[in-house]
Amino acid sequence: MNADPIGVLTGSHYLDGDHSCSEGAIAAGCRFSAGYPITPSTEVVERLASRFPRVGGRFQQFEDELAASIAVLGAVWGGAKAVTVTSGPGFSLMMEHIGLAAITECPVVYINVQRGGPSTGLPTQPAQGDMMQARFGSHGDYRLIALCPNSPQECFDLTLRAFNLAEEYRVPVVVMLDEVVGHMTEKVVIPPADQIEVTPRRYTSKKPGDFKLFEAAEGSLVPEMVKAGDGYRVHVTGLTHDERGYPAMNVVAQDKMVKRQFAKIVENADKIITFEEKNLLGAEAVVVSFGITSRIAEKGMQLAREKGAKVGSFRLITAWPFPEKQIIELSKKVKAFVVPELNMGQMSLEVERLAAGRCRTIPVLHAGGTVHNPEVIAEAILEAVR
Amino acid sequence: MTTGTATKKEKKFRGIVVINHASCKGCAFCVEFCPTKALALEKGFNAKGYHPPYLATPELCNGCDMCGLFCPDFAIFGYREKLEQAA
Amino acid sequence: MSELRENPVNEYLRLDRLPSIWCPGCGIGTTVNCFTRALTESKLDLDKVAIVSGIGCTGRVAGYMNLDSFHTTHGRAIPFATGLKLANPDLKVVVYSGDGDLSAIGGNHLVHAARRNADLLVVCVNNFTYGMTGGQVTPTTPISAVASTTPYGAYEETFNLPNLMDACGAVYVARWTAFHVRQIAKSMGEGLKKKGFRFIEIIAPCPTLYLRRNKLGDGLDEMKYYKEKSVVKNGADTREVGLDYHDKIVVGKFVDRERPTLEEAMDKRFTDVLGAKYVPYTSPGKQPLA
């Protein structure tokens, strides 16, 4: 269906990444947000707090991130599309409820504007150190979707897509900005509402009594949704549960529940995964990058090409699920992957695992606080093609 | 189901107590807080090894359902049934 | 011979989930009976009543109720419920949880929800201990009472929950014990009718951990003690209703007042400031059945 025109700020704007996320959420039909202030993500909820009363939405600032990250789940079960936004320590506090969202298959969006860590770290400066936390941060085994915009325009596009994916797969989706992308201001084009595709919640057409909240239809891995108040009298629990949602703390129920929840991401990975490839034809080295680092890497590649390097680019737009097939295929064709990232080695581990020794993986690591010097990336590329 | 018949002539109803023996955990709240002391615990056990209650003095039961309000295991309740007018 | 009748609680319960996990003599089930009676009296459309619990023995109440029910994370029932209510204002939202869940790990949410007058009925079953994890000390364990993590007796000052909720601005505050079944049902009925943050504390026996460890007998002994040592003082100054170990228990309805709810305050503010530009939130409509 198309976006609700009430919320869509159609036109060209000069927006920073954080504000662009807010507009992406509104365009997606999000009408509930809960938040707690934390730099450098606060601008997202500040804009929602200002915009929501004018578009029929509700924003509530809570007493902490624990509250904000579960209030959005309550709102989803109440029938709203909902988002919460955080950074650094706030993302750590939200982990428990990302787990709750995963086990209850709650379509919700979390936005994390990454800053330097660990702990309070560098509140106003960038990093990309939460990539593995986004994937594995909550305890137990689950899969979710994580997207990595590298521009304010993509902050709009990917926040919108995050909501659509959340509804499509009944799964929490995390939008992983970094401080630079969050705070850089660029042109953002917001299309007319009738050109914005929005995935509505997949409400069941079954009658109460025939419906099971955690039973996927034949040939599907994603169960349909309901909301509270419609007579389904559902039970939603963070305990391991059966298809009815009843607690079932046994090996069989655990196996069935966890494996289906994995499968709905793993088996739909091709439909979920997006990436951007450039100059791969004849490339001897491929730079795998994401977020702000992908834009610094452009300069690094340019410098390396000036010195004769045949280098291509593979930009992760979906971080999780990871584009495994594509990396495996590339690893058969190139001498090396160069993986610059603002952490001490996270996505580069994934690349190295998939390359499985077929080619080299050269991480270009930076502890964060600023972006890479493009020359360092260029040097790594030159080493890669040597 | 056990039924009690109020014996006093002015009574227009009788109290009835329904007990689900299998659900009872033998806490005896119903026995202790029965306003007319109509209930007692059985000497025997239910399948789970608890002593469920029984209507020991049926004529005392007035069907007030205090047992039902107290029972933490939803195993007992009382109600009142209108008595036919004496022919 | 009479016709066979159903237990009046049955329509409110997920019978296929019973028997409950609660121990013999535990008071939580008794409070559930009272809640079902209050629901009957309220004549509310049960499809529009949602129940939210945290974690722990009382946290299991949601799972036994045949309502839209949410068993959330430890301490976070209130913010979940706040989000649920804000997103779907047609619902009557009840939070049902224990003293540890609501006042320790969830204490921050409890005080802020009361302050902002979130439109929730909060039922706190206070058995003075963490039952599910084996009887540890909670913010309500009376001084000198033994818990598994205070083996020589508790020594911290406790929360006087009615006073805490009163101070935070709750519009309705009552305390009863599990012995006061009729009064609990009445209070819950009043709570269901009223808007804003309503708080009902129910002192209840935990025979397996709190009572046994303190050599206070079984659940029935505790209920008898409630009967003997409770003093009804409606309208009591909440500063005077703190609890000491195995001492008298002041019960009653302490607070009943009016204050704009969170939603009302929000609406008023935006209407005042934005005027015609304010687009009020509308509850997501009932989905059409195919």
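Okay, so let's go over this structure. (Residues numbered from 1 in each chain as written. Chains lettered and ligands numbered in written order. Predicted model: local features only at pLDDT ≥ 70, side-chain atom pairs only at ≥ 80, totals over all residues. Heavy atoms only, no water.)

**Some words on the packing of helix α12 (residues 324-331) of chain A against helix α13 (residues 347-355) of chain A**
Any two packed helices are characterised by how steeply their axes cross, that is the angle between the axes, and by the distance between the axes. Residues and elements named next belong to chain A. So the rule is basically this: Here, axes are lines fitted to C-alpha atoms. For helices the fit covers the stretch in contact, and angles between N-to-C directions go from 0 to 180 degrees. The numbering of helices and of strands both runs from the N terminus, where a helix is a DSSP run of H or I of at least 4 residues and a strand a run of E of at least 2. Roughly parallel here means an angle under 35 degrees, roughly antiparallel means over 145, roughly perpendicular means 65 to 115, and every remaining angle is called oblique. Helix crossings fall into two classes, left-handed where the near helix is turned counterclockwise from the far one by less than a right angle and right-handed where it is turned clockwise. Whether two residues are in contact is decided by their heavy atoms, any of which lying within 4.5 Å being enough. Three classes are used: nonpolar for Ala, Val, Leu, Ile, Met, Phe, Trp, Tyr, Cys and Pro, charged for Asp, Glu, Lys and Arg, and polar for all others, with Gly counted as polar.
In contact at an axis separation of 8 Å, α12 and α13 are set at 60 degrees when each is read in the N-to-C sense. On the basis of their axis angle, the class for α12 and α13 is oblique. Along this stretch, α12 crosses α13, giving a crossing that reads as right-handed. Contact residues: Glu 324, Ile 327, Ile 328 and Ser 331 in α12; Glu 350, Val 351, Arg 353, Leu 354 and Ala 355 in α13. The residue inventory of the contact of α12 with α13, partitioned by class, reads five nonpolar, one polar and three charged.

**Description of the sheet that holds strand β12 (residues 285-289) of chain A**
Residues and elements named next belong to chain A. So the rule is basically this: Two strands are counted as paired when DSSP detects at least two bridges linking them.
In spatial order, the strands read β11-β13-β12-β15-β16; together these five strands make up an open sheet with mixed pairing. Taken across any chain shown, the strands that pair with only one partner, and hence form the sheet edges, are β11 (275-278) and β16 (360-365). Averaged over neighbouring strand pairs, the angle between their axes works out to 20 degrees when direction is ignored. Summarising the sheet, strand β15 (residues 336-341) and β16 pair through six bridges and their orientation is parallel.

**Considering helix α5 (residues 107-115) of chain C**
Rules: The buried label applies to any residue whose accessible area, calculated with a 1.4 Å probe on protein chains only, is under 20% of its type's maximum; exposed applies above 50%, and partly exposed to all values in between. Relevant arc is that of directions from the helix axis to the C-beta atoms, nothing else.
Three or more residues of α5 of chain C are buried, namely Gly 107, His 109, Leu 110, Ala 113 and Ala 114 of chain C. In an axial view of α5 of chain C, the angular spread of the buried residues amounts to 165 degrees, which keeps them on one side of the axis. For α5 of chain C, the elements touching its buried residues are α3 (65-77) of chain A together with α3 (77-87), α4 (99-105), α6 (161-168) and β6 (198-203) of chain C. Phi turns positive, to about 55 degrees, at Asn 117 of chain C, one or two residues after α5 of chain C.

**Some thoughts on the pattern of salt bridges**
Counted only if it meets this: Any carboxyl oxygen of Asp or Glu that lies within 4 Å of a side-chain nitrogen of Lys or Arg is treated as forming a salt bridge with it.
Within this structure, the stated rule accounts for 42 salt bridges over all chains. Residue Glu 383 of chain A pairs with Arg 360 of chain A through a salt bridge whose shortest N-O separation is 3.2 Å. Within this pair, whereas Glu 383 of chain A is found in helix α14 (residues 374-385), its partner Arg 360 of chain A is found in strand β16, the two being separated by 23 residues in sequence. A residue is classified by how much of its surface remains accessible, and Glu 383 of chain A, at 34% relative accessible area, is partly exposed. By relative accessible area, which is 40% here, Arg 360 of chain A ends up partly exposed. A salt bridge links Glu 32 of chain B to Lys 224 of chain C, with the nearest nitrogen and oxygen atoms 3.9 Å apart. Of this pair, Glu 32 of chain B sits in helix α1 (residues 29-33) while Lys 224 of chain C sits in helix α9 (residues 219-229), placing the two residues on different chains. Residues joined by salt bridges that share partners form a network here, namely Lys 186, Glu 190, Lys 194, Lys 253, Asp 256 and Glu 258 of chain C.

**Observations concerning the interface of chain C and chain B**
Using the following cut-off: Here the quantity called buried area is the accessible surface, traced with a 1.4 Å probe, that two parts lose on coming together, added over both. Whenever a nitrogen or oxygen atom comes within 3.5 Å of another N or O atom, the pair is scored as a polar contact, on the condition that within protein one atom can donate a hydrogen and the other can accept it, and that pairs from neighbouring residues in sequence are kept only if both atoms are in side chains.
With 35 residues of chain C at the interface, the matching set in chain B holds 28 residues. Interface area, chain C with chain B, both sides summed: about 2500 Å², of which 65% is carbon and sulfur. Taken together, the links from chain C to chain B amount to two salt bridges. Across the contact surface, chain C and chain B share nine residue pairs in polar contact (both at pLDDT 80 or more). Every element with two or more residues in the side of chain C that touches chain B is listed here: α1 (28-42), α7 (181-193) and α9 of chain C. In terms of residue class, the side of chain C that touches chain B is made up of 20 nonpolar, eight polar and seven charged.

**Considering the interface of chain C and chain A**
Across the contact, 50 residues belong to chain C and 50 residues belong to chain A. Counting the surface lost from both chain C and chain A, the interface buries some 4300 Å², and carbon and sulfur atoms represent 55% of this. Here chain C and chain A share four salt bridges between them. Its salt-bridge partner being Arg 58 of chain A, residue Glu 263 of chain C comes within 3.6 Å of it at the nearest N-O pair. On the surface where chain C and chain A come into contact, there are 26 residue pairs in polar contact (both at pLDDT 80 or more). The set of elements that each furnish at least two residues to the side of chain C that touches chain A consists of α2 (61-64), β2 (68-71), α3, α5 and α10 (262-274) of chain C. Top contributing element to the side of chain C that touches chain A by residue count: α3 of chain C, with seven residues. When the residues that make up the side of chain C that touches chain A are grouped by side-chain class, the tally is 22 nonpolar, 15 polar and 13 charged.

In short, geometric facts, not functional conclusions.
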